[in-house]
Amino acid sequence: MMASSTSSSIEHTMLAASEQLQVPSSITKFKIGLCQLSVTSEKNQNLACAHNSIKAAVKCGASLVVLPEMWNCPYSNDYFAKFAEDFENEDASPTFSMLSEAACSHGITIVGGSVPESSDGQLYNTSCVFGPDGKLKAKHRKIHLFDIEIPGDITFKESDFFAAGDKPTIVDTDVGRIGIGICHDIRFPELAALYRAKGARIICYPGAFNISTGELLWEVMQRASCL
């Protein structure tokens, strides 16, 4: 398995921050809604499904709702550019608008999984975080792109379609400080160490692991990132 490289400055920032560990003085209990969605080739159908899942999570008492990776779009290079949205143009971004409205109407924090973002001629795999007021609090672009080649099984290079993000993302929310990663970002422990050092109470990694590697890596990577 191969991953796109990140700049040395990011690695140095992560390692330096890990030396300044901050531990929260108190823990407040709250419910987290983790929405698992079946994605179709119809964006409006995906948006409606996500909206219904958010409402269901709120009915169960969730004050933080997390969506999966690429939930508004099939995880295929045939759809990324077609489904991409420019989040700077909110009026032309139905995904952005739905998440903002849902967070505001329910008074919750939403980690919006990830969706394809179009910006300055590039595509990014991007997660948006919205506060209870419906405003965008943070945006994380996937840093470690997923490139894989297993002979006779699967070949996929995310870097053929997406540009890599270059910044870790830490956001203060009503439920505490959250560090954001996306799927393959979990494979790199320096990112989790940085978030822990910066006082993150929660680390969210919305993911869409494939069958070939998911069963082998996902649970192990979660445990490794929590140590």
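Our subject is the structure listed above.
Residues numbered from 1 in each chain as written. Predicted model: local features only at pLDDT ≥ 70, side-chain atom pairs only at ≥ 80, totals over all residues. Heavy atoms only, no water.

**Student:** Go over the nonpolar core with me, naming the residues and quoting the values.
**Tutor:** Counting residues in hydrophobic clusters, the biggest one holds 21 residues, and the most contacted among them are Ile 54, Val 65, Leu 67, Trp 71, Met 98, Leu 99 and Ile 110. Of all the elements in the fold, those that place two or more residues in this core are helix H2 (43-59), strand S3 (62-66), helix H4 (94-106) and strand S6 (122-130). With five residues, H4 is the single largest residue contributor to this core. For Trp 71, the contacting residues outside a window of four places in its chain are Leu 37, Val 39, Asn 46, Leu 47, Ala 50, Thr 95, Met 98, Leu 99, Gly 112, Gly 113, Ser 114 and Val 115. Listed in part, the 11 residues of the second largest apolar core include Val 129, Ile 178, Ile 202 and Cys 204. (Core = buried A, V, L, I, M, F, W, Y, C linked by side-chain atoms within 4.5 Å. Buried < 20%, exposed > 50% of the residue type's maximum accessible area, 1.4 Å probe, protein only. Helix = DSSP H or I, 4+ residues; strand = E, 2+ residues; numbered from the N terminus. Contact = heavy atoms within 4.5 Å.)

**Student:** Let's hear about the pairing of S6: which residues, and what values?
**Tutor:** In terms of burial, S6 is largely enclosed, as eight of its nine residues are buried. Bridge count between strand S4 (residues 109-111) and S6: two bridges; the pairing is antiparallel. Note on S6: the bridge partner recorded for Val 111 is Val 129. Bridge count between strand S5 (residues 115-119) and S6: five bridges; the pairing is antiparallel. Across the sheet, the residue bridging to Val 115 is Thr 126, located in S6. Hairpin geometry of S5 and S6 is characterised by an intervening segment of two residues between the two adjacent antiparallel strands and by a positive phi of about 50° at Asp 120. For S6 and strand S7 (residues 136-141), the ladder comprises five bridges, and the chain directions are antiparallel. Bridge pairing in S7 links Ser 127 to His 140. Where S6 folds back on S7, the antiparallel hairpin that results is connected by five residues, among which Gly 134 adopts a positive phi of roughly 85°. (Pairing = 2+ DSSP bridges.)

**Student:** Would you mind going over the sheet that holds strand S12 (residues 202-204) in detail, with residue names and values included?
**Tutor:** The strand order across the open sheet formed by three strands is S10-S11-S12, and the pairing between neighbours is mixed. Each edge of the open sheet carries a strand with a single partner, namely strand S10 (169-173) and S12. Across the sheet, the mean angle separating the axes of adjacent strands is 30° when strand polarity is ignored. Bridging between strand S11 (residues 176-180) and S12 involves three bridges; their strand directions are parallel. Bridge pairing in S12 links Gly 179 to Ile 203. (Axes fitted to C-alpha atoms, helices over the stretch in contact; angles between N-to-C directions.)

**Student:** So, the environment of Tyr 79: which residues are in play, and what are the values?
**Tutor:** With respect to the secondary-structure elements, Tyr 79 resides in the loop between S3 and helix H3 (80-83). Residue Tyr 79 is classed as partly exposed on the basis of its relative accessible area, which comes to 24%. Along the sequence, Tyr 79 and Pro 116 sit 37 residues apart, while their C-alpha atoms lie 9.2 Å from each other. Every residue in contact with Tyr 79, bar those within four places of it in the chain, is listed here: Ser 41, Cys 73 and Pro 74.

**Student:** How would you explain the packing of aromatic side chains if you had to name every residue and give the values?
**Tutor:** One pass over the structure, following the stated rule, counts six aromatic pairs. Here the aromatic rings of Tyr 79 and Phe 83 are separated by 5.7 Å at their centres, their planes lie at 75°, and the arrangement is edge-to-face. Taking relative accessible area as the criterion, Phe 83 reaches 3% and is therefore assigned buried. Measuring from ring centre to ring centre gives 4.7 Å for Phe 80 and Phe 162, while their planes differ by 50°; the resulting arrangement is tilted. In this pair, Phe 80 sits in helix H3 while Phe 162 sits in the loop between strand S9 (154-157) and S10, placing the two residues 82 residues apart along the sequence. (Phe/Tyr/Trp six-rings, centres within 6.5 Å; stacked < 30°, edge-to-face > 60°.)

**Student:** A description of the pairing of strand S2 (residues 31-34) should follow, citing residues and the corresponding values.
**Tutor:** As defined by bridge partners, S2 adjoins S3 across four bridges and the pair is classed as parallel. Each bridged residue has a counterpart across the sheet, and for Gly 33 the counterpart in S3 is Val 65.

**Student:** How would you sum up the state of the cysteines? Please name residues and give values.
**Tutor:** Counted under the stated rule, the structure contains zero disulfides. No disulfide involves Cys 49; its sulfur sits 8.8 Å from that of Cys 35, the nearest cysteine. Since its relative accessible area comes to 29%, Cys 49 is described here as partly exposed. (Disulfide = S-S within 2.5 Å.)

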